[in-house]
Amino acid sequence: MKITKLAGNKALFAIEYTFLDSTRETELSLYVSGSNLLSFERGGQLLTTRWNLDELVLWLRDFINNMQEDPYPVAADGEYAAVKDINARDFDTDDDEAFDAYYDTLDAWNSRHRWHPACAGAILADLYFQQVGETVEVSWNNQNAEEGVVFSSILGGTSVPKEIFISVVDQFLKDYADHWYNNL
């Protein structure tokens, strides 16, 4: 039996999710300003993320629990983290230690702010989350999606009030846990 829920307001920030069946698959949409950032076209069909999202849910819980001001770690042009990350990747040096230290710093920051590594194989938009004052910046870079997949939102960013972001994500995480973990 399919169960669909919505946390938040699609016009501002929302997560819509459908629990599909006993395989633990969940269909997921994440809306900012009325657009589903997880929407993509593949094979002529408009789809959204659908997968076992356990790893992603754990990443989101960790992000919410540990969220704090944590600026992008190197000087890079761009209004949002996704763009800064593109521009920061142009660094090069003949000093192997400096090269490794630079990219280790970027990778460590990305592990705290970029959810894509927690996709567990799902087709998932590459989103970055960063607290900036009393907002959470949500940015995306889907320029390098897998072959045959074209995301509706390629590159950009926006800010969401921190209390709304936390409320929406927390509601999704609680519903996910209640459905998949407590409903066994």
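In this report, the structure presented in the accompanying data block is examined. Because the structure is predicted, anything quoted here is derived from the model rather than measured. (Residues numbered from 1 in each chain as written. Predicted model: local features only at pLDDT ≥ 70, side-chain atom pairs only at ≥ 80, totals over all residues. Heavy atoms only, no water.)

1. Section: the packing of helix 2 (residues 81–88) against helix 3 (residues 96–113)
- One can describe the packing of helix 2 onto helix 3 by two numbers: an axis separation of 12 Å at closest approach and a directional angle of 160°. The angle between the axes of helix 2 and helix 3 places the two elements in the roughly antiparallel class. Crossing hand, helix 2 versus helix 3: left-handed. In this structure, helix 2 uses A81, D85 and A88 to contact helix 3, whose residues at the interface are Y102, Y103, L106, W109 and N110.
- Here the contact of helix 2 with helix 3 is composed, by residue class, of 6 nonpolar, 1 polar and 1 charged. (Axes fitted to C-alpha atoms, helices over the stretch in contact; angles between N-to-C directions. Helix = DSSP H or I, 4+ residues; strand = E, 2+ residues; numbered from the N terminus. Parallel < 35°, antiparallel > 145°, perpendicular 65-115°, else oblique. Left-handed = near helix turned anticlockwise from the far one by under 90°. Contact = heavy atoms within 4.5 Å. Nonpolar A, V, L, I, M, F, W, Y, C, P; charged D, E, K, R; others polar.)

2. As for the pattern of salt bridges
- Using the criterion set out here, one finds 10 salt bridges in the structure.
- Residue D107 pairs with R89 through a salt bridge whose shortest N-O separation is 3.5 Å. Placement of the pair is D107 in helix 3 and R89 in the loop between helix 2 and helix 3, with a sequence separation of 18 residues.
- Accessibility expressed as a relative area gives 42% for D107, which makes it partly exposed.
- Take R89: its relative accessible area is 32%, and that puts it in the partly exposed class.
- Of the charged contacts in the structure, one is a salt bridge between K174 and D170, with a shortest N-O distance of 3.1 Å. Of this pair, K174 and D170 both sit in helix 4 (residues 162–181), 4 residues apart, roughly one helical turn.
- Among the residues examined, D170 registers a relative accessible area of 17% and is labelled buried.
- Salt bridges sharing common partners tie together R61, D170 and K174. (Salt bridge = Lys/Arg side-chain N within 4 Å of Asp/Glu carboxyl O. Buried < 20%, exposed > 50% of the residue type's maximum accessible area, 1.4 Å probe, protein only.)

Interpretation note: all reported values are geometric properties and have no functional meaning in isolation.
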